[in-house]
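Topology and contacts: notes
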Amino acid sequence: MAVTTASPPAAGVWGSIWQGITRSTSGFVGLCLVLGVLLFSFVGPLFVDPHNPTDVTRIWGPMSSEHWLGTNHEGKDTLTQLVLGGREPIWVGVTAALITVAIAVVLGAVAGYVRGRVDHFLLQLTDITMTIPFIVLMLVIASFYRTSSPLVVSFIIGLVTWPYLMRSIRAQVLTLKEREFIEAARLQDLGTARILLIEVLPNMAGYIFINFIIAITNAIYAVVGMYLLGLLPSTADNWGLMIQQAWDNNAFLLPQAAPFLVAPMVMIMLFQIGLVTMTRSLEQALNPRLRDR
């Protein structure tokens, strides 16, 4: 039986995504967690004081009706800092994931479909990139360029994390190019670019979308880890920076300082758990082999 060449309509794709999320309790809970963290990080700042003033009389203050999560080593409200610290790691995670997926999809699709010298060159480029130690690269960059731009951090993460996904995309394209509808498109001389954009990539939309979500989680871990290691400047509120400050000021030794250390870790965990559970449900909906199980 011939495989249809028509891409699913947008409404059908989004309908499948919604069905995949809501068909299981874990997927729906994951969606709620993700939406909750997003609202907390992007709508919450509208309801707090962005300056978060310092009160030296309340250094490491305990939880109270005035400061629900206590205060930090500077006497600033921990809850306010938590609300203000979510936007940057999420933005960096999404932007870095977009860069990672874009590079991996373009290079993987071209390498898998064109083959020959192009495939060999791109595989060599992938191998070289995979050998670059990420932490060492960040140490070198941080020593020469102390940037506070989330966009630059996103580019750095995206430019070194694409090789693994590129190889997976290439393998998927190698499989798809042998299918009947690709052979038919090739016989019609539709051109490489059109075949890749119209025939190949739409049939990998579910796989690409799932890997995009996975890339977000990896990028957030990377940016938080870089803040924790002191590889990024302390110029803005950030969950990773909160963990670093808690460590540098020995917050783990003070019971009243526990919220300042634990709260950003909990927010990161909730967001990651939400993404992971949502992704697993989406995979069951978008993967034809798992859809009916």
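What counts and what doesn't
- Residues numbered from 1 in each chain as written.
- Predicted model: local features only at pLDDT ≥ 70, side-chain atom pairs only at ≥ 80, totals over all residues.
- Heavy atoms only, no water.
- Helix = DSSP H or I, 4+ residues; strand = E, 2+ residues; numbered from the N terminus.
- Buried < 20%, exposed > 50% of the residue type's maximum accessible area, 1.4 Å probe, protein only.
- Contact = heavy atoms within 4.5 Å.
- UniProt positions renumbered as here; feature names shortened; annotations may be inferred.
- Salt bridge = Lys/Arg side-chain N within 4 Å of Asp/Glu carboxyl O.
- Polar contact = N/O pair within 3.5 Å; in protein donor to acceptor, adjacent residues only side chain to side chain.
- Core = buried A, V, L, I, M, F, W, Y, C linked by side-chain atoms within 4.5 Å.
- Domains from an automatic or database assignment.
- pLDDT = per-residue confidence, 0-100.

What to know about the overall build of the chain
- Counting its secondary structure elements, the chain contains 14 helices and zero strands.
- Helices (α) and strands (β) of the chain occur, in sequence order from the N terminus, as α-α-α-α-α-α-α-α-α-α-α-α-α-α.
- For the chain, the proportion of its 293 residues judged to be buried stands at 43%.
- Residue pairs at least 24 apart in sequence account for 73% of intrachain contacts in the chain once pairs closer than 6 positions are excluded.

Here's the deal with the side chain of His 73
- Looking at the element boundaries, His 73 is found in the loop between helix H2 (25–42) and helix H3 (78–84).
- Discounting chain neighbours no more than four positions away, the residues touching His 73 are Ile 59, Trp 60, Gln 245, Asn 249 and Phe 260.

What to know about the UniProt feature "transmembrane region" (unreviewed entry) in the chain
- In the numbering used here, UniProt assigns the feature "transmembrane region" (unreviewed entry) to residues 28–48, 90–114, 121–145, 151–169, 204–232 and 252–271.
- Secondary structure over residues 28–48 splits into 71% helix and 0% strand, and the C-alpha atoms at its two ends are 29 Å apart.

A word on unusual backbone geometry
- Phi at Asn 52 is positive, roughly 45 degrees, even though this residue is not glycine.
- Here Asn 52 lies in the loop between H2 and H3.
- We classify Asn 52 as buried; its relative accessible area is 6%.
- One non-glycine residue, Trp 60, lies in positive phi territory at about 50 degrees.
- Its place among the elements puts Trp 60 in the loop between H2 and H3.

Considerations on the pattern of salt bridges
- Summed over the entire model, instances satisfying the criterion amount to six salt bridges.
- Here the salt bridges do not stand alone but share partners, grouping Asp 55, Arg 58 and Glu 66 into one network.

Here we look at the side chain of Thr 71
- With respect to the element layout, Thr 71 can be found in the loop between H2 and H3.
- Given a relative accessible area of 2%, Thr 71 falls into the buried group.
- Engagement of the side chain of Thr 71 in a polar contact is seen with the backbone nitrogen of Gly 61, the distance being 2.6 Å.
- Excluding residues that lie within four positions of it along the chain, Thr 71 makes contacts with Arg 58, Ile 59, Trp 60, Gly 61, Lys 76, Asp 77 and Thr 78.

Looking at the nonpolar core
- Core analysis: the biggest nonpolar cluster contains 66 residues, and Ile 157, Val 200, Met 204, Val 223, Met 226 and Phe 271 have the highest contact counts within it.
- The element best represented in this core is helix H4 (residues 87–114), accounting for 13 residues.
- Viewed by domain, this core spans two of them, domain 1 (19–49 + 75–86 + 237–293) and domain 2 (89–217), each represented by three or more residues.
- For Met 226, the contacting residues outside a window of four places in its chain are Phe 134, Met 138, Val 153, Ile 157, Leu 231 and Leu 232.

Here we look at the environment of Gly 93
- Mapped onto the fold, Gly 93 is located in helix H4.
- Using a relative accessible area of 0% as the deciding quantity, one classes Gly 93 as buried.
- Sequence separation between Gly 93 and Ile 216 is 123 residues, and the spatial gap between their C-alpha atoms is 4.8 Å.
- Excluding residues within four positions of it along the chain, Gly 93 makes contact with Ile 216, Ala 219 and Ile 220.

Quick look at the confidence of the model for the chain
- Overall, the predicted model of the chain reaches an average pLDDT of 83, with 86% of residues at or above 70.
- Taking the mean pLDDT of every element in the chain, the minimum, 51, falls on helix H14 (residues 288–291) and the maximum, 94, on H3.

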